[in-house]
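Structure at a glance
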Amino acid sequence: SPFAYVATPNVDHCVKFHREPAPRAPLYDAAWLVLNDSRILSWLAARSGLTLPAAPGSDLAEALFEREIRADEPVTIIGADEATVEALAARFKLTDVRWHAPPMGLRDDAAAVERAASFIAAQPSRFVMLCVGAPQQEMVARAAALRGDAGGVGLCVGAALEFLAGRKARAPHWMQ
């Protein structure tokens, strides 16, 4: 099936979206699914009488690696660093990791965004982890979706793989 992506905005993303909606709106509008990454936003919504469940991208990525992604299936990663990719592969015994490290300044480099999208299309995987921060990861995901020749599901999950690889500590649950 054609490439689709999941965006996981948090409080910071929402504030930045409010400040500059024009460049960000198409990125979220094109997403197959937008999940609330923030328990803070859930709490604020509840105070306003709204129901907005939290589904943090880090929790989603962890659940996929622990329960769904087989050790021998291809997984494509856009972003992170080599040590993170190696530690993640070791933890989950992954044998087919397809990794692309885009350059810094991705947000302002249309050619680099397209190279990352091309990499996704050339590396068929059921799951593509996009870990280059917002809005860069959504830019790459949208570019991959617009190509028409990529497949799988992209998950815009920021630092999630660094947490899973043990390279960064995640905030304690009560602070999340």
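Residues numbered from 1 in each chain as written. Predicted model: local features only at pLDDT ≥ 70, side-chain atom pairs only at ≥ 80, totals over all residues. Heavy atoms only, no water.

**Digging into the overall build of the chain**
Let me state the cut-off plainly: Segments assigned H or I by DSSP are reported as helices when at least four residues long, segments assigned E as strands when at least two residues long, and all are numbered from the N terminus. Taken over C-alpha atoms, the radius of gyration is set against a globule rule of 2.2 Å times the number of residues to the power 0.38. Here's how the labels work: a residue is buried when its accessible area is under 20% of the maximum for its type, exposed when over 50%, partly exposed in between, all with a 1.4 Å probe on protein chains only. Any pair of residues with heavy atoms lying within 4.5 Å of one another is described as a contacting pair. Areas reported here follow the Shrake-Rupley algorithm with a probe of radius 1.4 Å; residue values treat only the protein chains shown as occluding. Note on charges: Lys and Arg go in the positive column, Asp and Glu in the negative column, and His and the chain ends are not counted at all. Charged groups are reduced to one reference atom each: NZ for lysine, CZ for arginine, CG for aspartic acid, CD for glutamic acid.
Within the chain, the secondary structure is distributed over eight helices and six strands. Across the chain, helices and strands are ordered from the amino to the carboxyl terminus as β-α-α-β-α-α-β-α-β-α-β-α-β-α. For 176 residues, the compact-globule estimate of 2.2 N^0.38 gives 16 Å, and the C-alpha radius of gyration of the chain, at 16 Å, lies within 12% of that figure. Seen through its C-alpha atoms, the chain measures out along the principal axes to roughly 45 × 35 × 30 Å. Residues counted as buried form 43% of the 176 residues belonging to the chain. Sequence-distant contacts, at least 24 apart, represent 69% of the contacts inside the chain between residues at least 6 apart. For the chain, the exposed surface amounts to about 9100 Å²; the carbon and sulfur share of it is 57%. Each charge class in the chain was averaged separately, 18 positive and 20 negative side chains, and the resulting centres sit 4 Å apart.

**Thoughts on the state of the cysteines**
The condition is simple: Disulfide: a pair of cysteine sulfur atoms within 2.5 Å of each other.
One pass over the full model with this rule turns up zero disulfides. Not part of a disulfide, Cys 131 finds its nearest cysteine sulfur in Cys 156, a span of 9.0 Å. On the basis of relative accessibility, which here comes to 10%, the residue Cys 131 falls in the buried class.

**What to know about the packing of aromatic side chains**
Quick reminder of the rule: Ring geometry is summarised as follows: Phe, Tyr and Trp rings, the Trp one being its six-membered ring, pair when their centres sit within 6.5 Å, and such pairs are stacked at plane angles under 30 degrees, edge-to-face over 60 and tilted between the two.
Under the criterion given, the structure shown has two aromatic pairs. Between the aromatic rings of Phe 17 and Tyr 28, the centroid separation amounts to 6.0 Å while the plane-to-plane angle is 70°, which identifies the pairing as edge-to-face. Taken together, the residues Phe 17 in helix H1 (residues 11-19) and Tyr 28 in helix H2 (residues 21-29) connect sequence positions eleven residues apart. Since its relative accessible area comes to 14%, Tyr 28 is described here as buried.

**Focus: the side chain of Thr 8**
The test is simple: Any pair of N or O atoms that falls within 3.5 Å is considered a polar contact. Within protein, one atom must be able to donate a hydrogen and the other to accept it, and sequence-neighbouring residues count only if both atoms are side-chain atoms.
Mapped onto the elements, Thr 8 comes out in the loop between strand S1 (4-7) and H1. A relative accessible area of 5% places Thr 8 in the buried class. Here the side chain of Thr 8 touches Cys 156 through a polar contact of 2.6 Å, landing on its backbone oxygen.

**Focus on the packing of H1 against H2**
Inclusion rule: Helix axes use the C-alpha atoms of the stretch in contact, all axes being lines fitted to C-alpha atoms, and the angles between their N-to-C directions lie in the range 0 to 180 degrees. Angles are sorted into four bins: roughly parallel if under 35 degrees, roughly antiparallel if over 145, roughly perpendicular if 65 to 115, and oblique for all others. Polar here means any residue outside two lists: the nonpolar Ala, Val, Leu, Ile, Met, Phe, Trp, Tyr, Cys and Pro, and the charged Asp, Glu, Lys and Arg; Gly therefore counts as polar.
Look at H1 against H2: their axes get within 7 Å of each other, and the N-to-C directions meet at 125°. Classified by the angle their axes make, H1 and H2 are oblique. Packed against H1, whose contacting residues are His 13, Lys 16, Phe 17, His 18 and Arg 19, the element H2 presents Pro 21, Arg 24, Ala 25 and Tyr 28 at the interface. In terms of residue class, the contact of H1 with H2 is built from four nonpolar, two polar and three charged.

**Some thoughts on the pattern of salt bridges**
For side chains of opposite charge, pairing can occur when their charged atoms come near one another. Put simply, the rule reads: Any carboxyl oxygen of Asp or Glu within 4 Å of a side-chain nitrogen of Lys or Arg constitutes a salt bridge here.
Scanning the entire structure with this criterion turns up 15 salt bridges. Here Glu 66 and Arg 91 are joined by a salt bridge, their closest N and O atoms 3.3 Å apart. Residue Glu 66 is found in helix H4 (residues 57-68), and its partner Arg 91 is found in helix H5 (residues 82-92); the two are separated by 25 residues along the sequence. Glu 66 gets classed as partly exposed once you look at its relative accessible area, which sits at 45%. For Glu 68, the salt bridge goes to Arg 126, with nearest N and O atoms at 2.6 Å. Note that Glu 68 is positioned in helix H4 and Arg 126 in the loop between helix H6 (110-122) and strand S5 (127-131), a separation of 58 residues in sequence. Among the residues examined, Glu 68 registers a relative accessible area of 38% and is labelled partly exposed. For Arg 126, a relative accessible area of 33% corresponds to the partly exposed category. Taken together, the shared-partner salt bridges in this structure form one network comprising Glu 68, Arg 70, Asp 72, Glu 73 and Arg 126.

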